[in-house]
Amino acid sequence: MDVAYLQQTKCVFSFNPIYSSTHNRPVSVPSKVAFINSRDYQHNARRSFRWRSRNMCLASSSDTLVSGKSSSPTVASKKDKEFEEEEDLKSWMHKNGLPPCKVVLKDRQAYDSRHPSIHYVAASEDLQAGDIAFSVPSSLIVTLERVLGNETVAELLTTNKLSELACLALYLMYEKKQGKESFWYPYIKELDRQRGRGQLAVESPLLWSESELNYLTGSPIKAEVVERAEGIRKEYNELDTVWFMAGSLFQQYPFDIPTEAFSFEIFKQAFVAVQSCVVHLQKVSLARRFALVPLGPPLLGYRSNCKAMLTAAEDGAVQLVVDRPYIAGQSIVVWCGPQPNSKLLINYGFVDEDNTYDRLMVEAALNTEDPQYQEKRLVAQRNGKLTIQTFQVNVGKERETVLDMLPYMRLGYVSDPSEMQSVISSQGPVCPVSPCMERAVLNQLATYFRERLSGYPTTLSEDEALLGECDIDPRKRVATQLLRCEKRILNKCLEATVDLINELPDLSQSPCPAPYAPLLR
């Protein structure tokens, strides 16, 4: 599989500059900014903005974000031609300070012929590990420091109630409205071309419909998506804080205050887009740690087994040093960090089936109805365990995790205080308690893993058959890939547990009754 095929970042909307389009300089922001807490002040401020063009307050999806609706193949073809007729991203970057580099933008046909093709970054010549593929100057990078013009203001915002992503999303939503007058128009155009798609033509599940989220039934990711969406809504409710704290920045826009200018759905699309293409820089100030870098995501592919990263240079530029050889024309990839597939799907819309960082969580809790709950809780705490303990099941480490769970599980079963310490401090499959109790512990674990597997609407073999089909909805495909990875981990856990049961000295031994067994979820 071509590595670029795995790139799944998506930028649903388009950006505009931290520069004035006419003067090409950063927007100034007062060095001293006061927090606005007074409702009366905010009310008056809202009223003072009413003179602005009310007919532009509620931005449509075509005005602010790329519409998610499909167009006909003819329309898609026309859009491709329109994109080609205008200045391409790389030419614009060279014109504005990008030094000679060793990459080129190439074209990949979209899986859906109704959508424009997808661009990706490829090597323009043969590369060796350690070569600098490109170095983007600071003048072509969007950070919160540059957006707000003052690092102190940036830090105030991101340490208060708003994340860097929310601030960047708000700025970019306003800048999108500037159209071709924007310094960043070519970058905006390129992100628009992506239509919020990664290389598998899939957006984050945060933008899926309710029926499409059902593709993820059985996976804990469904609850994570709901929780993340709630967090985005909370940030939306705080958007006006940015307006009042950095008023001189936003006064250049003839639009209303954020929550009146943009609906929540538009902001969510913008937030998800920023989340999917932002670069997390290391060893830089707080206000520069999240950056939007042309030639970076979504044009660069992500791979979990790649060690190349976009890094900040001393002069403020962001460069990419490749970690492997490339032949001319081959797509270039970067590391996406030690993220499990659930995070890769939520953040970037893809699943890496070779992801060595993939994992599932198993939560175990001592039974609060147990008369000895308090005593067991203290024993657990003395041994570095919590009353609700989360076990991380890493791919390839399933048996080790099951063995790590056993001491905690055994603690929930014993009733003799003298056995509690020895049980929780024991290591390995050999238990210092009765065989019937060990059988009960292992039986509970086996039942738990079987129940989790039964919570999926399809079996592993059915997933394999579905993924073998050619004509399958891209969202359903990537969801099925995720479920297949999760089921493989759970099956390995079940196999490890059954193996431990088979290693017991007396298989005829019945499990002991356990009225206060630990709770698993």
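These figures come from a predicted structure and were not determined experimentally.

Q: Just give me the short version of the packing of aromatic side chains, but keep the residues and values in it.
A: Enumeration over the complete set of coordinates arrives at 13 aromatic pairs. Each ring, one from phenylalanine 183 and one from tryptophan 184, has its centre 5.3 Å from the other, and the planes form 90 degrees; the classification is edge-to-face. Here phenylalanine 183 and tryptophan 184 have matching classes, each one buried. Plain terms: the ring middles of tyrosine 236 and phenylalanine 267 are 5.8 Å apart, the flat faces sit at 40 degrees to each other, and that makes the pair tilted. Here tyrosine 236 is found in helix H10 (residues 221-237), whereas its partner phenylalanine 267 is found in helix H14 (residues 264-277), with 31 residues between them in sequence. By relative accessible area, tyrosine 236 is classed as buried at 9%. For phenylalanine 267, a relative accessible area of 0% corresponds to the buried category. Among the aromatic residues, ring-to-ring pairing joins Trp92, Phe183, Trp184 and Tyr187 into one connected group.

Q: Can you lay out the state of the cysteines for me, pointing to particular residues and giving the numbers?
A: Across all of its chains, the model carries one disulfide by this definition. Covalently, cysteine 436 is tied to cysteine 512 through a disulfide, its sulfur atoms 1.5 Å apart. Taken together, the residues cysteine 436 in helix H19 (residues 435-454) and cysteine 512 in the loop between helix H21 (474-502) and strand S13 (519-520) connect sequence positions 76 residues apart. The buried category is assigned to cysteine 512, whose relative accessible area is 18%.

Q: If you had to explain the packing of helix H17 (residues 398-413) against helix H18 (residues 417-424) to someone new, which residues and values would you point to?
A: Running from N to C, H17 and H18 cross one another at 170 degrees; their axes reach a closest spacing of 8 Å. The angle between H17 and H18 falls in the class roughly antiparallel. In this structure, H17 contributes Pro407, Arg410 and Leu411 to the contact, and H18 contributes Met420, Val423 and Ile424. Taken together, the residues of the contact of H17 with H18 sort by class into five nonpolar, no polar and one charged.

Q: A description of H18 should follow, citing residues and the corresponding values.
A: Considered for burial, the residues of H18 that qualify are Met420, Val423 and Ile424. One side of H18 carries all its buried residues, which in axial view fall inside an arc of 80 degrees. Buried residues in H18 make contact with helix H16 (373-382) and H17.

Q: So what about the nonpolar core? Which residues, and what values?
A: Grouped together as the largest cluster of nonpolar side chains are 91 residues, with contacts concentrated most on Phe134, Phe267, Leu320 and Ile332. When residues in this core are grouped by element, the largest group, 10 residues, is from helix H7 (residues 164-176). Contacts of leucine 320, omitting those with residues within four sequence positions, involve Asp131, Ile132, Ala133, Phe134, Leu300, Ala308, Met309, Leu310, Ile332 and Val334. Core analysis: the second largest hydrophobic core is formed by 43 residues, Ala364, Phe449, Ile489 and Leu500 among them.

Q: Which residues make up the sheet that holds strand S12 (residues 388-394), and what values do they have?
A: On the basis of which strands lie adjacent, the open sheet formed by three strands has the order S12-S11-S13 and antiparallel pairing. In the strand order of this sheet, the two ends are held by S12 and S13, each with one partner. Looking at chain direction, strand S11 (residues 359-365) and S13 are connected through two bridges and run antiparallel. When the sheet's bridge partners are listed, alanine 364 is paired in S13 with leucine 520. Strands in contact with H17 are S11, S12 and S13; relative to S12, the strand with the most contacts, it is inclined by about 165 degrees. Together, S11 and S12 form the strand contacts of H21, whose direction differs from that of S11 by roughly 50 degrees.

Q: Report on the packing of H19 against H21, specifying residues and quantitative values.
A: Relative orientation of the contacting elements H19 and H21 amounts to 160 degrees, with a least axis distance of 9 Å. Relative to H21, the element H19 lies roughly antiparallel. Once H19 is placed against H21, the crossing between them reads as left-handed. Contacts from Arg439, Leu442, Asn443, Leu445, Ala446, Phe449, Arg450, Arg452 and Leu453 in H19 reach Lys487, Leu490, Asn491, Cys493, Leu494, Thr497, Val498, Leu500 and Ile501 in H21. In terms of residue class, the contact of H19 with H21 is built from 11 nonpolar, three polar and four charged.

Q: Before we move on, can you summarise H17 with the specific residues and values?
A: Its 16 residues place the ends of H17 23 Å apart at the C-alpha level, agreeing with the 22 Å of an ideal helix rising 1.5 Å per residue. Counted residue by residue, H17 has 12 buried out of 16 residues, so it is predominantly covered. Among the residues making up H17, those that are buried are Glu398, Thr401, Val402, Met405, Leu406, Pro407, Tyr408, Met409, Arg410, Leu411, Gly412 and Tyr413.

Q: If you had to explain the sheet that holds strand S3 (residues 132-136) to someone new, which residues and values would you point to?
A: Spatial ordering of the open sheet is given by S3-S9-S8, a layout of three strands whose pairing is antiparallel. One side of each edge strand has no neighbouring strand; the edge strands of this open sheet are S3 and strand S8 (310-312). Going across the sheet, the axis of each strand differs from the next one's by a mean of 25 degrees, ignoring polarity. As defined by bridge partners, S3 adjoins strand S9 (residues 318-321) across four bridges and the pair is classed as antiparallel. When the sheet's bridge partners are listed, isoleucine 132 is paired in S9 with valine 321.

What counts, and at which threshold
Numbering of residues begins from 1 in every chain and follows the order in which that chain's sequence is written. A pLDDT threshold of at least 70 governs which residues receive local features in this predicted model, and a stricter bar of 80 or more applies before side-chain atom pairs are shown or counted, although totals over entire chains, interfaces and linings include all residues. Neither water nor hydrogens contribute to the side-chain values; these are computed over all heavy atoms in the structure. The aromatic pairing rule takes the rings of Phe, Tyr and Trp, using the six-membered ring of Trp, and pairs them if the centres are within 6.5 Å, calling planes under 30 degrees apart stacked, those over 60 edge-to-face and the rest tilted. Think of it in three bands: residues with accessible area under 20% of the maximum for their type are buried, residues over 50% are exposed, and the middle band is partly exposed, with areas taken using a 1.4 Å probe on protein chains only. Secondary structure elements are defined from DSSP: runs of H or I of at least 4 residues count as helices, runs of E of at least 2 residues count as strands, and each element is numbered from the N terminus. Defined by distance alone, a disulfide is two cysteine sulfur atoms within 2.5 Å. Axes here mean lines fitted to C-alpha atoms, for a helix over just the part in contact, with angles spanning 0 to 180 degrees between N-to-C directions. Here the word oblique covers every angle except those under 35 degrees (roughly parallel), over 145 (roughly antiparallel) and from 65 to 115 (roughly perpendicular). Two residues form a contact once any of their heavy atoms are found within 4.5 Å. Throughout, the ten residues Ala, Val, Leu, Ile, Met, Phe, Trp, Tyr, Cys and Pro are labelled nonpolar, Asp, Glu, Lys and Arg are labelled charged, and all others, Gly among them, are labelled polar. Arc, as used here, means the arc of the directions from the helix axis to the C-beta atoms. The criterion is simple. A nonpolar core is a set of buried Ala, Val, Leu, Ile, Met, Phe, Trp, Tyr and Cys residues joined through side-chain atoms within 4.5 Å. Any two strands with at least two DSSP bridges between them are considered paired. It is the rotation of the near helix from the far one that decides the hand of a crossing: anticlockwise by less than a right angle makes it left-handed, clockwise makes it right-handed. An expected span of 1.5 Å times one less than the residue number is assigned to each helix.

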